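Residues per chain are reported as follows:
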Amino acid sequence: MTTRRVFSGIQPSGDIHIGNYMGALRNWVAMQDEYATVYCVVDLHALTLPQDPAELARARVRTAKILLAAGIDPGRSLVYYQSQVPQHAELSWIMGTFASMGQLGRMTQYKEKEDKGGQNLGLFSYPVLMAADILIHRVHAVPVGNDQTQHLEFTRDLVDRFNSRYGNFFPVPEQITPPVGARVMSLKDPTSKMSKSDPDPSSRIIVTDDTDTIVTKVRRAVTDSGKLVAYDVERKPGISNLLDILSAFTGRSVHELAEEYRSAGYGRFKQTVAEAVISGLSPVRRAYLDLDDHDVERIMSEGAEAARTRAEETMAGVRSLIGLSQDN
Ligand code: AMP
Ligand code: TRP
């Protein structure tokens, strides 16, 4: 049996938070044992919102460093910056000709960002580039948080259209979402997801936050009325989110934890959550501080070189199928 291939991407905008870590990154690391894995810092996607060039350059390296610090092993995974492999953008153009404008206009992520005043063609066609990222490596599975479900459905629709016209060239990629931590909520508004772009930095815990910062953020997290620790997403969204976080960091079920901390009081419960987060993140933070920017950039360039070779094989196949090759 051939090894199944996996691709995922993360934007280098802002800092990587525990939602990214639980929803995506931790899973990416684990999958290296079983799959042929490709992970990408999707810097072209970040351009869909205005970016300061110097800050974008720094954020790219920081993001790459976090991937490596979290345990992405360049010996086992291909890891690189999207913009260094131009085939992503080339395939995106081709896949765009299969995309339905109506479907693109209905994407939640597009509508949210459009509402915030970020209207541009890149934002509208963002899911097409994401599909191209996945398809350029012809992968079977994509590990992401559950905010990406619509984009994955869209990708499968493009594959169906392409394959039905040209034969079964692309595998239909399946989504892999972790059982806990697939949607970590904001610490300040537990009814919306923890996000890099939230203007309030205390709404999220950054993977590289130090001990005091984590304690303070958890202590100030919004909780619900009442005194009992209970898992009830409707009526106790704040406490339930903290239970989810504790569960993700300890591997214990939310129900078992809710039972154990039921009468502990919010203060002691939050202290426990903070300690679990601190001990879970501390190896990543230490590895991050030890990494050197130049080494990281070298690893990313080597990854890009290998990725270009593979991506070019896919593009040669695509060009030939659609009539853009001299072999036709
Ligand atoms: P992004 O921050 O949009 O680049 O997302 C990178 C990865 O993290 C994607 O797989 C997302 O689905 C995942 N992700 C982002 N925010 C969250 C969250 N609050 N909870 C769980 N997963 C998330
Ligand atoms: N759209 C994803 C996000 O916002 C990032 C991303 C870009 C991605 N290309 C991808 C994720 C390909 C998985 C596969 O989180």
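Below: a short report on this structure. (Residues numbered from 1 in each chain as written. Chains lettered and ligands numbered in written order. Predicted model: local features only at pLDDT ≥ 70, side-chain atom pairs only at ≥ 80, totals over all residues. Heavy atoms only, no water.)

1. Remarks on the overall build of the chain
Working step 1: When helices and strands are counted, the chain shows 14 helices and five strands.
Working step 2: For a compact globule of 328 residues, the expected C-alpha radius of gyration is about 20 Å, and the chain comes in at 21 Å, within 12% of that figure.
Working step 3: Seen through its principal axes, the chain has C-alpha atoms that stretch 70 × 45 × 45 Å.
Working step 4: Counting only residues that meet the buried cut, the chain has 52% of its 328 residues in that class.
Working step 5: Residue pairs at least 24 apart in sequence account for 75% of intrachain contacts in the chain once pairs closer than 6 positions are excluded.
Working step 6: Accessible surface, the chain: about 15200 Å² in total, of which carbon and sulfur atoms supply 50%.
Working step 7: Of the side chains in the chain, 37 bear a positive and 41 a negative charge, and the two mean positions are spaced by 4 Å. (Helix = DSSP H or I, 4+ residues; strand = E, 2+ residues; numbered from the N terminus. Rg over C-alpha atoms; globule rule 2.2 N^0.38 Å. Buried < 20%, exposed > 50% of the residue type's maximum accessible area, 1.4 Å probe, protein only. Contact = heavy atoms within 4.5 Å. Areas by Shrake-Rupley, 256 points an atom, 1.4 Å probe, with all protein chains shown as cover. Lys, Arg positive; Asp, Glu negative; His and termini not counted. Charge placed at Lys NZ, Arg CZ, Asp CG, Glu CD.)

2. A closer look at the site of ligand 1
Working step 1: Lining the immediate environment of ligand 1, one finds 18 residues, of which Gly145, Asp147, Val184, Met194 and Lys196 sit closest.
Working step 2: Here Gly19 contributes a backbone N or O atom positioned 3.1 Å from a nitrogen atom of ligand 1.
Working step 3: Protein contact buries 93% of the 490 Å² of open area that ligand 1 shows by itself.
Working step 4: Sort the elements by how many residues they give to the shell around ligand 1 and helix α1 (residues 18–31) lands first, with four residues. (Near = heavy atom within 4 Å. Polar contact = N/O pair within 3.5 Å; in protein donor to acceptor, adjacent residues only side chain to side chain.)

3. Overview of the site of ligand 2
Working step 1: Around ligand 2, 14 residues are found, and the nearest of them are Phe7, Tyr126, Met130, Asp133 and Gln148.
Working step 2: At a separation of 3.5 Å, an oxygen atom of ligand 2 approaches a polar side-chain atom of Gln11.
Working step 3: In this structure, Gln148 approaches ligand 2 through a side-chain N or O atom, which is 3.1 Å from a nitrogen atom.
Working step 4: In isolation ligand 2 exposes 370 Å². Once the protein is present, 91% of that is buried.
Working step 5: Contributions of two or more residues to the shell around ligand 2 are made by β1 (5–10) and α8 (126–136).

4. Some remarks on the side chain of Asn27
Working step 1: Within the element layout of this structure, Asn27 appears in helix α1.
Working step 2: With sequence-adjacent residues up to four places away left out, Asn27 is seen in contact with Pro143, Ile176, Thr177 and Pro178.

5. Thoughts on the packing of aromatic side chains
Working step 1: Counted by the stated rule, this structure contains ten aromatic pairs.
Working step 2: Each ring, one from Tyr21 and one from Phe249, has its centre 6.4 Å from the other, and the planes form 25 degrees; the classification is stacked. Here Tyr21, found in helix α1, pairs with Phe249, found in helix α11 (residues 237–250); they are 228 residues apart in sequence, far enough to count as distant. By the burial criterion, Tyr21 is buried, and Phe249 matches it.
Working step 3: Both rings, one in Phe162 and one in Phe169, keep their centres 6.3 Å apart while their planes meet at 50 degrees; by these two values the pair is tilted. (Phe/Tyr/Trp six-rings, centres within 6.5 Å; stacked < 30°, edge-to-face > 60°.)

6. Some thoughts on the pattern of salt bridges
Working step 1: Here the structure, examined in full by the defined rule, presents 17 salt bridges.
Working step 2: Note that Arg76 and Asp33 form a salt bridge whose closest N and O atoms lie 2.8 Å from each other. Within this pair, whereas Arg76 is found in the loop between α3 (53–70) and β3 (77–81), its partner Asp33 is found in the loop between α1 and β2 (36–41), the two being separated by 43 residues in sequence. (Salt bridge = Lys/Arg side-chain N within 4 Å of Asp/Glu carboxyl O.)

7. Considerations on the packing of α3 against helix α14 (residues 293–322)
Working step 1: Put simply, α3 and α14 touch, their axes get as near as 10 Å, and they point 85 degrees apart. Judged by the inter-axis angle, α3 sits roughly perpendicular to α14. Within the contact between the two elements, α3 uses Val61, Ala64, Lys65 and Leu68 and α14 uses Asp293, Val296, Glu297, Ile299 and Met300.
Working step 2: Residue composition of the contact of α3 with α14, grouped by class: six nonpolar, no polar and three charged. (Axes fitted to C-alpha atoms, helices over the stretch in contact; angles between N-to-C directions. Parallel < 35°, antiparallel > 145°, perpendicular 65-115°, else oblique. Nonpolar A, V, L, I, M, F, W, Y, C, P; charged D, E, K, R; others polar.)

8. Considerations on the pairing of β1
Working step 1: As defined by bridge partners, β1 adjoins β2 across six bridges and the pair is classed as parallel. The residue bridging Ser8 from the neighbouring strand is Tyr39, located in β2.
Working step 2: As for the winding sense of the linkage, the β-α-β connection from β1 through α1 to β2 is right-handed. (Pairing = 2+ DSSP bridges. Right-handed = clockwise from strand over helix to strand, strands pointing away.)

9. Focus: the environment of His45
Working step 1: By the element assignment, His45 lies in helix α2 (residues 43–46).
Working step 2: The exposure class assigned to His45 is buried, which follows from its relative accessible area of 2%.
Working step 3: For His45 and Gly145, which are 100 residues apart along the polypeptide, the C-alpha to C-alpha distance reads 17 Å.
Working step 4: Among the polar contacts made by the side chain of His45, one reaches the side chain of Gln82 at a distance of 3.3 Å.

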